[in-house]
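Descriptive analysis of the structure
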Amino acid sequence: MGRAAAPGGGGGGAPRWLPWLGLCFWAAGAAAARGTDNSEVLPESIPSAPGTLPHFIEEPDDAYIIKSNPIALRCKARPAMQIFFKCNGEWVHQNEHVSEESLDESSGLKVREVFINVTRQQVEDFHGPEDYWCQCVAWSHLGTSKSRKASVRIAYLRKNFEQDPQGREVPIEGMIVLHCRPPEGVPAAEVEWLKNEEPIDSEQDENIDTRADHNLIIRQARLSDSGNYTCMAANIVAKRRSLSATVVVYVDGSWEVWSEWSVCSPECEHLRIRECTAPAPRNGGKFCEGLSQESENCTDGLCILGIESASDIALYSGLGAAVVAVAVLVIGVTLYRRSQSDYGVDVIDSSALTGNSLLLNSAMQPDLTVSRTYSGPICLQDPLDKELMTESSLFNPLSDIKVKVQSSFMVSLGVSERAEYHGKNHSRTFPHGNNHSFSTMHPRNKTPYIQNLSSLPTRTELRTTGVFGHLGGRLVMPNTGVSLLIPHGAIPEENSWEIYMSINQGEPSIQSDGSEVLLSPEVTCGPPDMIVTTPFALTIPHCADVSSEHWNIHLKKRTQQGKWEEVMSVEDESTSCYCLLDPFACHVLLDSFGTYALTGEPITDCAVKQLKVAVFGCMSCNSLDYNLRVYCVDNTPCAFQEVVSDERHQGGQLLEEPKLLHFKGNTFSLQISVLDIPPFLWRIKPFTACQEVPFSRVWCSNRQPLHCAFSLERYTPTTTQLSCKICIRQLKGHEQILQVQTSILESEREAITFFAQEDSTFPAQTGPKAFKIPYSIRQRICATFDTPNAKGKDWQMLAQKNSINRNLSYFATQSSPSAVILNLWEARHQQDGDLDSLACALEEIGRTHTKLSNISESQLDEADFNYSRQNGL
């Protein structure tokens, strides 16, 4: 379609004479047709309502070109002497217009209608800052009127979906969220969902929602919801089908109640049973846990077995009396021998440390010796792990240590009040890593060197408490990475609760299932019967190198019966809780207290656990020996604090700043080596320079701290400086080097800080001081973003700017989504309190242009904000 400078060949704008010229053309044509003079017919072409500008009855509409078919743009106006189209700022040539004229019978005004065709080639050849557009310009004798601009676009629909729905397995009554992002298209494609090739009508099923960004949400999964789901996208050009996603709704089995006990059998036992049918597992659900059959001895006189006569009763009574008499005699002799002895025990043996008696004859002579030595690498999971110390194959009996035993009774107790050493200095070889069980020993004095095991520090749970009310606050477990945020208003007014938080430091109660490993401490918060009106934020550290490609991480909760149940996978969609996984911690929004932990199931061999490696040193009971203990523990602050606590009790010193080691789940073991020992000054005991730890011991090291011990010996007492390297490496994996440069004299040693003391000053903070965002500012943000906005600048944009991009349906269920998002921000930024980053996020949205950190105190309603800023809160 050609374009002219003006209809009839004029310049840029419409000449003022253009309507009159058109009128003359029209008049001349009419005169020729009628055979009369122009002056006689001219009045007929003049509008019957002088003084009226053209009014558009029909304006051009937006249009789409499908394939190669041109489209027609049309407009109609009255009264109008001429109508011309203008496209992209240029006049359309007069020859390309098709016009029609009629008379409006009601008003008697002339009505003119004009249309043009626009082709695909014209649109493709146009390269402008906006879409191809056209508008009509109509003239009357008083002036011109312009219509709306109509855009013309080429319609299309790409073949590939930007995101296909993914199949999943969900428990019954769980939430199903299938994501679908249709192909790019003009106009934008409309989405329809099919289940087993049948359209889904969400208006007829309140449990299904298909309105949220093309996603399909089933709030509570039913068995009937299992099937193949397909996302259909269509516009005026074509239809596209996504890949089908198979959804399986499964039912985990549960036990019926136990049956009544059976009749007592001749063997004095009765049985009861239960079946896994309430309900039975379906669609691949888990079978019931526990026993399906249980037996026990019959009691309450139901069965008497083995005593059939009075003679039998007399026989057993006599035997019992004999046993009692022998026991009394043994105790008496033992106590007598103990009271007559001036010596305790002189034993260096694993049996003394584990409480096992040496079963010595009471007539044994005092100068009897027992020879034992130990060599080879010694790797202990824990300094107090008695089972490992006695059962480990690393304790191999050799020779060259003489031990004098004075009292088998004292050895069986593992304690000595007096001791005298009778061996040679050069032959002292102790089990590496067990030196913490001995105090300093000198050959000529009688200082006890076998410490009573009961006096060693035992593992107890870490615990902290605080009283909180309506203003909320923050409860922090110092140096553990565990914290609890109670939002403002979570506790009703005029109420207050003593809230506690604890970390299990004993054997984990959670049982790993298959390849699943524990990635965090078990954290308990309570009281369990406390009810909050808005979710609280629990921060739990973890040791996983976060990657959805390699890990499937779950949040689990312990039930009142002591079992662990999965709350959700961190990648799941849920409206009951929310998990935000950061590189070193997981922030969980919850509405009920209890015991929680994170577990991980490696998807590939590239799944990585982050380990913290550290080396401690201390003098041994031999003044020439120096012991190194290398720890490899999960990279969580609480795991390392446990190591630090044990080392403090043993007198150990941290020799190098701990480092991070990435340990792959590739089943290859860990090697720990001592390198570059200064010659002629130090030597390492034979066969201990390199030690290897099996993969399973490291991968599941959350059970107890894992460490390997090395024993070094000085050639002369004048050597006080030690320098060496500790290499920790995984076969076919990563490695770390710890550089040891220290003085073995405590007075000359430079102390290395165990922890930064940032979170240990105020374990419990209440009221405004506990929060980084002043309350008045927080209220303004919530009032602004909780209100939906047509431009999208609402709480969803606030979440996106704070890197919260998934499971937004959780926030949609909250009374104030913005408040919950800010609570999550508070939990993530409890250390840095980076208000500038929040202000920048708000500026990007366009809601504020003032940084929160620069707001003057006169603008704040909170009197304590100045205190908060000065103290970094």
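Provided above is the structure to which this section pertains.
These figures come from a predicted structure and were not determined experimentally.

What counts, and where the lines are drawn
- Residues numbered from 1 in each chain as written.
- Predicted model: local features only at pLDDT ≥ 70, side-chain atom pairs only at ≥ 80, totals over all residues.
- Heavy atoms only, no water.
- Pairing = 2+ DSSP bridges.
- Helix = DSSP H or I, 4+ residues; strand = E, 2+ residues; numbered from the N terminus.
- Salt bridge = Lys/Arg side-chain N within 4 Å of Asp/Glu carboxyl O.
- Buried < 20%, exposed > 50% of the residue type's maximum accessible area, 1.4 Å probe, protein only.
- Contact = heavy atoms within 4.5 Å.
- Axes fitted to C-alpha atoms, helices over the stretch in contact; angles between N-to-C directions.
- Parallel < 35°, antiparallel > 145°, perpendicular 65-115°, else oblique.
- Left-handed = near helix turned anticlockwise from the far one by under 90°.
- Nonpolar A, V, L, I, M, F, W, Y, C, P; charged D, E, K, R; others polar.
- Disulfide = S-S within 2.5 Å.
- Expected span 1.5 Å × (residues − 1).

A word on the pairing of strand E35 (residues 551-558)
- Relative to strand E39 (residues 594-602), E35 is paired through 7 bridges, and the arrangement is antiparallel. When the bridges of E39 are listed, Trp551 appears paired with Pro602.
- Hairpin connection between E35 and strand E36 (residues 564-569): a loop of 5 residues separates the two successive antiparallel strands, and Gly562 in this loop has a positive phi of roughly 90 degrees.

Focus on the pattern of salt bridges
- Evaluated as defined, the whole model comprises 24 salt bridges.
- Two residues, Glu647 and Arg629, come together in a salt bridge whose shortest N-O distance is 2.9 Å. Pair noted here: Glu647 is in helix H8 (residues 637-650) and Arg629 is in strand E41 (residues 625-634), with a separation of 18 residues, a long-range link. Taken as a pair, Glu647 and Arg629 share a single burial class, namely buried.

Considerations on unusual backbone geometry
- Here Ala278 and Pro279 are connected by a cis peptide whose omega angle stands at -5 degrees.
- The topology assignment puts Pro279 in the loop between strand E23 (269-273) and strand E24 (293-297).
- Pro527 follows Gly526 through a cis peptide bond whose omega is 15 degrees.
- Mapped onto the elements, Pro527 comes out in the loop between strand E33 (523-526) and strand E34 (536-541).
- Positive phi, close to 65 degrees, is recorded for Glu494, a residue that is not glycine.

Here's the deal with the side chain of Ser140
- Structurally, Ser140 can be placed in strand E9 (residues 132-140).
- With relative accessibility at 3%, the residue Ser140 sits in the buried group.
- Setting aside chain neighbours within four positions, we find Ser140 in contact with Thr52, Leu53, Pro54, Pro79 and Met81.

Observations concerning the environment of Pro583
- Inspection of the secondary structure puts Pro583 in the loop between strand E37 (578-581) and strand E38 (585-590).
- A sequence separation of 37 residues divides Pro583 from Val546, and the C-alpha atoms of the two residues are 6.0 Å apart.
- Other than its neighbours up to four places away in sequence, Pro583 contacts His542, Ala544, Val546 and Gln610.

Side note on the sheet that holds strand E44 (residues 670-675)
- The strand order E46-E44-E48-E49 describes an open sheet built from 4 strands, whose pairing is antiparallel. Of all strands in the sheet, those bounded by a partner on one side alone are strand E46 (690-693) and strand E49 (735-743). Neighbouring strand axes in the sheet, compared pairwise and without regard to direction, differ in orientation by 15 degrees on average.
- Direction of pairing for E44 relative to E46: antiparallel, over a ladder of 4 bridges. Across the sheet, residue Gln671 finds its bridge partner in E46, namely Glu692.

A few points about helix H10 (residues 775-785)
- Taken together, the buried positions of H10 are occupied by Ser776, Ile777, Arg778, Ile781, Cys782 and Phe785.
- In this structure, the buried residues of H10 make contact with helix H11 (795-801), helix H13 (817-828) and helix H14 (835-845).

Considering the packing of H10 against H13
- At a minimum axis separation of 8 Å, H10 and H13 run at an interaxial angle of 135 degrees. If you check the angle between H10 and H13, you find them oblique. When you trace H10 past H13, the crossing you get is right-handed. Contacts from Arg778, Ile781, Cys782 and Phe785 of H10 reach H13 at Ser818, Ala819, Leu822 and Asn823.
- A per-class count over the contact of H10 with H13 returns 5 nonpolar, 2 polar and 1 charged.

Regarding the state of the cysteines
- Evaluated as defined, the whole model comprises 4 disulfides.
- Disulfide pairing is shown between Cys87 and Cys134; the S-S distance is 2.0 Å. Taking the sign of the S-S torsion, 110 degrees for the link of Cys87 and Cys134, the bridge is right-handed. In this pair, Cys87 sits in strand E5 (residues 82-87) while Cys134 sits in strand E9, placing the two residues 47 residues apart along the sequence.
- Overall, Cys87 belongs to the buried group, its relative accessible area being 3%.
- Take Cys632: it sits in no disulfide, and the sulfur closest to it among the cysteines is that of Cys708, at 7.1 Å.
- Given the relative accessible area of 1%, Cys632 is considered buried.

Quick notes on H13
- Along its 12 residues, H13 runs 17 Å from first to last C-alpha, staying within 8% of the 16 Å computed at 1.5 Å per residue.
- Within H13, 11 of the 12 residues are buried, leaving the element largely enclosed by the surrounding structure.

None of the figures reported here should be taken as evidence of function without further support.
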